[in-house]
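A closer look at the structure
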Amino acid sequence: MTVVGLDDTDSRERGMCTTYAAARLAGSIRDAGGRVERLLLVRLNPAVEHKTRGNAALAVHTDLDAETAVTLVDDALDMAETDDPRTNPGAVVADCDPDAVPEQVATFARDAVRSIQDPVAATTLSDVVGFARRQRGNGRGVIGALAAVGAWAAFSDWTYEHIAYRERERWGTERAVDAESVRAAAEERYPSVWDTVDRASGYPVCVPRTPCPVLYGIRGDDPAACRAVADAIESEPIDERATFVTNQGTDVHLQDAAVEAVTADSAYRVTGDVTEPPETRRGGHVFFALGDGGATLDCAAFEPTKGFRDRVRALRTGDRVTVCGEVSDGTLKLEKFGVRDLVTTERVTPDCPDCGRSMKSAGRDQGYRCRDCDTSADGKVERTLDRGLERGWYEVPPVARRHIAKPLVRGGFDAPTHPSR
């Protein structure tokens, strides 16, 4: 077997995307007499500054010999719009089975999903283990290419995405996709297929808003169901299709950490107590502080998360929660949070048992007194709070979800879930 990894063939200016380059490479492999066992779509660390849309790397698993694959890779890299200085494509070709790559390559793949990696480390490791590599520009694409080669051995939770591509002459123009047919197909196949439509807004999130070749991408746990949804969508002509095995929707980017151990440019799963109540700031963004053992971390639900912000606003000081998301500039950008314990009572000034009015302070350390009825109370009393939250997990809506973030509907969480559709 041969594993071919590709990355950074995405051009923001001209519309090229790495999945399209991989699909074309797969076609070239078949034309050369090879068999494509699978196409692997690997989402890398979402906190990386230098990234393409969605930060995707691709791998093609094939029985074509490595020497021929290297020749085809050169053609694939030539498709990239390298006059865009942000496009620095790279490829790595491994002459081994996908699950038999050296352990250090699998480790590199795990690290590339969770932290910042250096191009020199990627090229050095590729050379040390004897993998062929190709690159254009500054070679940054070798990072994702090597990570894609090691991903099959590194991870075990996989989902699927079926992507339909546009005819080239339509790239950059408005897409013709019938939204109602998308909604109907998505409803029929949910929850095997997820994040196709944002129900609150009605927006078909499977349809990109960028000038890339993708017409739509259908994600889910069942490849046949993904293809069935695609078949039911009414749209402009499709140039070609491909089904990818992917780590999208798996939360594999999250690292468990204490509040004090969180650093920038990675994504975390952190548990603590709300130490400062939610505050809505300019632009509609909602912030609160999470603390544990004296350390604190700002957490934010930004305006594009829409109704999810109301869940965040319902938090109170003293609630214990687990937060998940990318950290940058000292702030964790919420993807989801889990309510562990809620404050259910509060201390309030007592009401008079006779007239029902709120009592007044009788003086320092003298309790409270109703001045009309002359009744008294020793101190504040506990009142049950009517909370707008329950124990369990809450998430951003599909329209605001990162590719790699796990939708609650997939299950496997450690508490009840409240999915957003």
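This text goes with the structure placed above it.
Here's what I pulled together on the structure shown here. (Residues numbered from 1 in each chain as written. Predicted model: local features only at pLDDT ≥ 70, side-chain atom pairs only at ≥ 80, totals over all residues. Heavy atoms only, no water.)

Considering the nonpolar core
Membership of the largest hydrophobic core comes to 33 residues, with the highest contact counts inside it found for F131 and L146. Looking at this core, the elements that each hand over two or more residues are β2 (36-43), β3 (56-62), β4 (90-94), α3 (103-114), α4 (119-128) and α5 (141-154). For this core, the leading source of residues is α5, giving nine residues. Excluding residues that lie within four positions of it along the chain, F131 makes contacts with V92, V93, A94, C96, P102, V105, S126, L146 and V149. (Core = buried A, V, L, I, M, F, W, Y, C linked by side-chain atoms within 4.5 Å. Buried < 20%, exposed > 50% of the residue type's maximum accessible area, 1.4 Å probe, protein only. Helix = DSSP H or I, 4+ residues; strand = E, 2+ residues; numbered from the N terminus. Contact = heavy atoms within 4.5 Å.)

A look at α5
With 14 residues, α5 ought to run about 20 Å at 1.5 Å a step, and its terminal C-alpha atoms sit 19 Å apart, in line with that. If you look at α5, its biggest bend is around 30°, right at A148. Most of α5 sits out of view: 12 of its 14 residues are buried. (Expected span 1.5 Å × (residues − 1). Bend = angle between axes of the 7 residues up to and from the residue.)

Regarding the environment of W158
Structurally, W158 can be placed in the loop between α5 and β6 (159-166). Among the residues examined, W158 registers a relative accessible area of 13% and is labelled buried. In this structure the C-alpha to C-alpha distance between W158 and A230, which are 72 residues apart in sequence, comes to 20 Å. Once you skip the residues sitting within four places of it in the chain, W158 turns out to touch L40, A151, W152, V245, T246, N247 and R410. A distance of 3.3 Å separates a polar side-chain atom of W158 from the backbone oxygen of F155. (Polar contact = N/O pair within 3.5 Å; in protein donor to acceptor, adjacent residues only side chain to side chain.)

Things to note about the packing of aromatic side chains
Scanning the entire structure with this criterion turns up eight aromatic pairs. Geometrically, the ring pair formed by W152 and W158 is stacked, given 5.3 Å between the ring centres and 25° between the ring planes. Between the aromatic rings of W393 and F413, the centroid separation amounts to 5.8 Å while the plane-to-plane angle is 50°, which identifies the pairing as tilted. In this pair, W393 is assigned in strand β21 (residues 392-395) and F413 in the loop between β21 and β22 (417-418), connecting sequence segments 20 residues apart. One aromatic cluster in this structure is built from Y20, Y165 and W171. Between the NZ or CZ atom of R38 and the centre of the ring of W152, over which it lies, the distance is 3.9 Å. Of note, R209 hangs over the ring of Y203, and the distance from its end group to the ring centre comes to 4.4 Å. (Phe/Tyr/Trp six-rings, centres within 6.5 Å; stacked < 30°, edge-to-face > 60°. Lys NZ or Arg CZ within 6 Å of the ring centre and 35° of its normal.)

Some thoughts on unusual backbone geometry
Of the consecutive residues Y190 and P191, the connecting peptide bond is found in the cis state with omega at 10°. In this model, D265 sits at a positive phi of 70°, which is unusual for a non-glycine residue. Despite not being glycine, D329 has its phi angle at roughly 55°, a positive value. Its location among the elements puts D329 in the loop between β14 (320-328) and β15 (331-341). Residue D329 is classed as exposed on the basis of its relative accessible area, which comes to 79%.

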